[in-house]
Amino acid sequence: MKIILAVLTSLLLLGGCQSPAPSAAAGEDTLYNALGERSGIADIVEDMLYRIVEDPRLADDFRGIDVARFHRQLTDQLCHLSGGPCTYTGRSMEEAHAGMNVTEAQFNAVADHLVLAMETHSVPTGAQNRLLARLVPLHDRIVGH
Ligand code: HEM
């Protein structure tokens, strides 16, 4: 876990170098497949949500949100980012997190819960790291707004 977070941190520093996520071709061995396709991603997001609401660093911000919407939007976003056939229809990251003043520590906490959820669902480490790398470009749109 520490290694994964260290990788994430160094990727954050290199954030500008990321290329856009490729889109999936039928039958291709994509990150989307490694995550268990949309249903696997939905399970990972559900697991992540349970961890988030029990985390004192995050719980206050998530209190009272529309959980079903959050689950659907984050699932579609991760599905799309992993190369799956999903369209993200939610708000921009700036809009969704406006006024929350999300901190670096909170961003890392969410990434941490994502990793733990992927571990629980037996996602291989390489695939975990590839998904984390695709979240790096979102960092500056989420933290500090
Ligand atoms: C990798 C990091 C993150 C990603 C990919 C992410 C993604 C998302 C997405 C897709 C939504 C739904 C937007 C919509 O419904 O239109 C959302 C909402 C939300 N996010 Fe994040 N987020 C991240 C980090 C964080 C962090 C660190 C916090 C800490 C406070 C946070 C707090 C929230 C809250 C409270 C909402 C619900 C807002 C509302 O419904 O009014 N997020 N996020």
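The rules behind the values
- Residues numbered from 1 in each chain as written.
- Predicted model: local features only at pLDDT ≥ 70, side-chain atom pairs only at ≥ 80, totals over all residues.
- Heavy atoms only, no water.
- UniProt positions renumbered as here; feature names shortened; annotations may be inferred.
- Disulfide = S-S within 2.5 Å.
- Buried < 20%, exposed > 50% of the residue type's maximum accessible area, 1.4 Å probe, protein only.
- 1 Å grid on protein atoms, 1.4 Å probe; cavity = no way out; pocket = protein on both sides within 12 Å on 5 of 7 lines; lining within 4 Å.
- Points joined across faces, edges and corners; volume = space filled by probe spheres on them.
- Helix = DSSP H or I, 4+ residues; strand = E, 2+ residues; numbered from the N terminus.
- Nonpolar A, V, L, I, M, F, W, Y, C, P; charged D, E, K, R; others polar.
- Near = heavy atom within 4 Å.
- Sits in = over half its atoms within 2 Å of the grid points.
- Contact = heavy atoms within 4.5 Å.
- Donors = N, O, S within 2.8 Å, 3.2 Å for Na, K, Ca; no water.

Per an unreviewed UniProt entry, the chain carries the name Group 1 truncated hemoglobin and comes from Tamilnaduibacter salinus. Entered under Sequence similarities (unreviewed entry) in the UniProt record, the comment concerning the chain runs "Belongs to the truncated hemoglobin family. Group I subfamily."

Student: Please explain the state of the cysteines as it appears in this structure.
Tutor: Disulfides are covalent bonds that connect the sulfur atoms of two cysteines. A complete count under the given rule lists one disulfide for this structure. There is a disulfide in this structure between Cys-79 and Cys-86, and the S-S distance comes to 1.9 Å. Across the disulfide from Cys-79 to Cys-86, rotation about the S-S bond amounts to roughly 70 degrees, and the bridge is consequently right-handed. Like Cys-79, the residue Cys-86 is buried in the burial classification.

Student: In this structure, what is going on with empty space enclosed by the protein? I would like to understand it.
Tutor: A probe matching the size of a water molecule, rolled over the atoms, marks out where space remains unfilled. What the rule picks out here adds up to one cavity of 30 Å³ or more. Here the largest cavity is characterised by a volume of approximately 30 Å³. Looking at the largest cavity, the residues that line it are Leu-35, Ile-41, Ile-44, Leu-78, Leu-114, Met-118 and Leu-131. Where the lining of the largest cavity is concerned, the elements lending two or more residues are helix H3 (37–53) and helix H7 (104–120). When its residues are assigned to classes, the lining of the largest cavity shows seven nonpolar, no polar and no charged.

Student: How do you make sense of the site of the ligand when you look at a structure like this?
Tutor: As a matter of local geometry, the ligand sits amid 22 residues, with Asp-61, Phe-62, Arg-69, Arg-91 and His-97 nearest to it. Here the ligand occupies the largest pocket. Put simply, the parts of the chain that give the shell around the ligand at least two residues each are helix H4 (59–62), helix H5 (67–81), helix H6 (93–96) and H7. Top element by residues in the shell around the ligand is H5. It accounts for five residues. A per-class count over the shell around the ligand returns 14 nonpolar, five polar and three charged.

Student: Whenever I open this one, unusual backbone geometry confuses me. Can you help?
Tutor: Across the chain, the bulk of peptide bonds are trans and the bulk of non-glycine residues have phi less than zero. A positive phi angle, near 60 degrees, is found at Glu-37, a position not held by glycine. Inspection of the secondary structure puts Glu-37 in helix H3. Within the chain, Ser-122 stands out as a residue other than glycine whose phi angle is a positive 55 degrees.

Student: Please explain the side chain of Ser-82 as it appears in this structure.
Tutor: Along the chain, the position of Ser-82 falls in the loop between H5 and H6. Residue Ser-82 is classed as buried on the basis of its relative accessible area of 1%. Among residues more than four places away in sequence, those in contact with Ser-82 are Thr-30, Leu-31, Tyr-32, Leu-35, Ile-41 and Arg-134.

Student: Can you help me understand the environment of Ser-92 in this one?
Tutor: Relative to the elements of secondary structure, Ser-92 occurs in the loop between H5 and H6. Among the residues examined, Ser-92 registers a relative accessible area of 31% and is labelled partly exposed. It is 9.8 Å that separates the C-alpha atoms of Ser-92 and Leu-138, two residues lying 46 residues apart in sequence.

Student: Teacher, can you tell me more about the coordination of the iron atom of the ligand here?
Tutor: Between any two of four tetrahedral donors, the ideal angle at the metal is 109.5 degrees; between two of six octahedral donors, it is 90 or 180 degrees. Coordination of the iron atom of the ligand by the protein involves just one donor, His-97 (NE2), at a distance of 2.0 Å. By secondary structure assignment, the location of His-97 is in the loop between H6 and H7.

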